[in-house]
Amino acid sequence: MNTTVVLLPGLNRDRDMIAALKTITGKAPATVWQTETALPKSDLVVIPGGFSFGDYLRAGAIAARSPVMRAVAEAAAKGVPVLGVCNGFQILCEAGLLPGALMRNTTLRFVCREVKLEVVNARTRFSSGYANGQVIRCPVAHHDGNYFADETTLQQLIDGDQIVFRYAEATNPNGAINDIAGIVNAAGNVLGMMPHPENLIEPEHGGTDGRAIFESALGMAGRIAA
Amino acid sequence: MTKARIVVTLKNGVLDPQGKAIQGALGHLGFEGVGEVRQGKVFDIELAGEDPAEAERRLADMCDKLLANTVIENYSITVE
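The text that follows walks through the structure, step by step, so that each part is easy to find. Everything numeric in this text was worked out from a predicted model, so none of it was measured.

Glancing now at the overall build of chain B. The helix and strand tally for chain B stands at two helices and three strands. Mapped in sequence order, the helices and strands of chain B form the string β-α-β-α-β. In terms of overall size, chain B is more extended than a compact globule, its C-alpha atoms giving a radius of gyration of 16 Å where 80 residues would be expected to give roughly 12 Å. The long-range fraction of contacts in chain B, counting pairs at least 24 apart against all pairs at least 6 apart in sequence, stands at 66%. Accessible surface, chain B: about 5,100 Å² in total, of which carbon and sulfur atoms supply 53%. Of the side chains in chain B, 9 bear a positive and 13 a negative charge, and the two mean positions are spaced by 5 Å.

Before going further, it helps to spend a moment on the sheet that holds strand β11 (residues 190–193) of chain A. Residue and element names in this part refer to chain A. Spatially, the nine strands line up as an open sheet ordered β2-β1-β3-β4-β11-β10-β9-β6-β7, and their pairing is mixed. Only two strands of the sheet have a single partner each, and these edge strands are β2 (30–33) and β7 (135–142). Strand-to-strand, the axes of this sheet are offset by a mean angle of 25°, without reference to chain direction. For strand β4 (residues 82–85) and β11, the ladder comprises four bridges, and the chain directions are parallel. The residue of β11 that forms the bridge with V85 is M193. With respect to the sheet, helix α3 (residues 67–77) is in contact with β1 (3–7), β2, β3 (44–47), β4 and β11, its orientation differing from that of β3 by roughly 140°.

Consider a sheet: its strands pair through backbone hydrogen bonds, and that pairing is either parallel or antiparallel. Residues and elements named next belong to chain B. Across the sheet, which stays open at both edges, the three strands sit in the order β2-β1-β3 with antiparallel pairing between neighbours. Of all strands in the sheet, those bounded by a partner on one side alone are β2 (40–47) and β3 (73–79). With direction set aside, neighbouring strand axes in the sheet form an average angle of 20°. Two elements, strand β1 (residues 2–10) and β3, share seven bridges in a ladder whose sense is antiparallel. Directly across from L10, in β3, lies its bridge partner E73. In the packing of helix α2 (residues 52–67) onto the sheet, the strands contacted are β1, β2 and β3, and the crossing angle to β3 comes to about 155°.

What counts and what doesn't
Residues numbered from 1 in each chain as written. Chains lettered and ligands numbered in written order. Predicted model: local features only at pLDDT ≥ 70, side-chain atom pairs only at ≥ 80, totals over all residues. Heavy atoms only, no water. Helix = DSSP H or I, 4+ residues; strand = E, 2+ residues; numbered from the N terminus. Rg over C-alpha atoms; globule rule 2.2 N^0.38 Å. Contact = heavy atoms within 4.5 Å. Areas by Shrake-Rupley, 256 points an atom, 1.4 Å probe, with all protein chains shown as cover. Lys, Arg positive; Asp, Glu negative; His and termini not counted. Charge placed at Lys NZ, Arg CZ, Asp CG, Glu CD. Pairing = 2+ DSSP bridges. Axes fitted to C-alpha atoms, helices over the stretch in contact; angles between N-to-C directions.

This is the structure in structure tokens:
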């Protein structure tokens, strides 16, 4: 099981992501620096959270134009699963690999807390370890998580079953349209989400609700008891 | 050398919580009659070359590819 973590200046959740992937796969992920132009052969590519390039211009805007993102786009086009968490989600949107944009939280406050997520579509390759309608716990920590898409795009997301996670039980922390917390691309192999599943994968984290995302993406779901 | 100014603003219908907060602060300072406030960005850019039409074409390309997120933002270009 080969996983790859993309590294950019200003990320701060990369170590958590590397630890999570190592725990789940038993093998440390490869890391690629933003100036690299090729990715190692990967079963899953992850862009972790943080504040790449200090969120200059717009969150994820500079990172989305870095050389490594061309390699990520090529891998995504070939069907390699790509997961972007938090800043990773912002970067995927800025890179055009996912539709829509992530704007400043409507409260204008940085939010760092636990939310509830409804699994809206458990038939994606990232969510098959869950059941439709299942509500899971997941932490969030962001300033720009307010997902926005115009009406046409939003309708496409709904019609295409591309909304994977929604904030549930009135826990929307950022004003995201339709309570959207995570979406996949039309091909279903690129997932972006604001919450941090990598922080809920071991009992010591206080829960393992986030684990099935990685296990689903890596084809391990069902093999390990949820 | 050509100098240009690019103004990036949020599209109509896109919520601007920062603009709203600024509007509130202006009210707290006693400025009356302040309507909606929308926050934007300004880029002053120097470009090699003297042809304004060519400059405008290149700047529009820069806006589409980096300076504006056209999902949520509009831009306008003024070449000096």
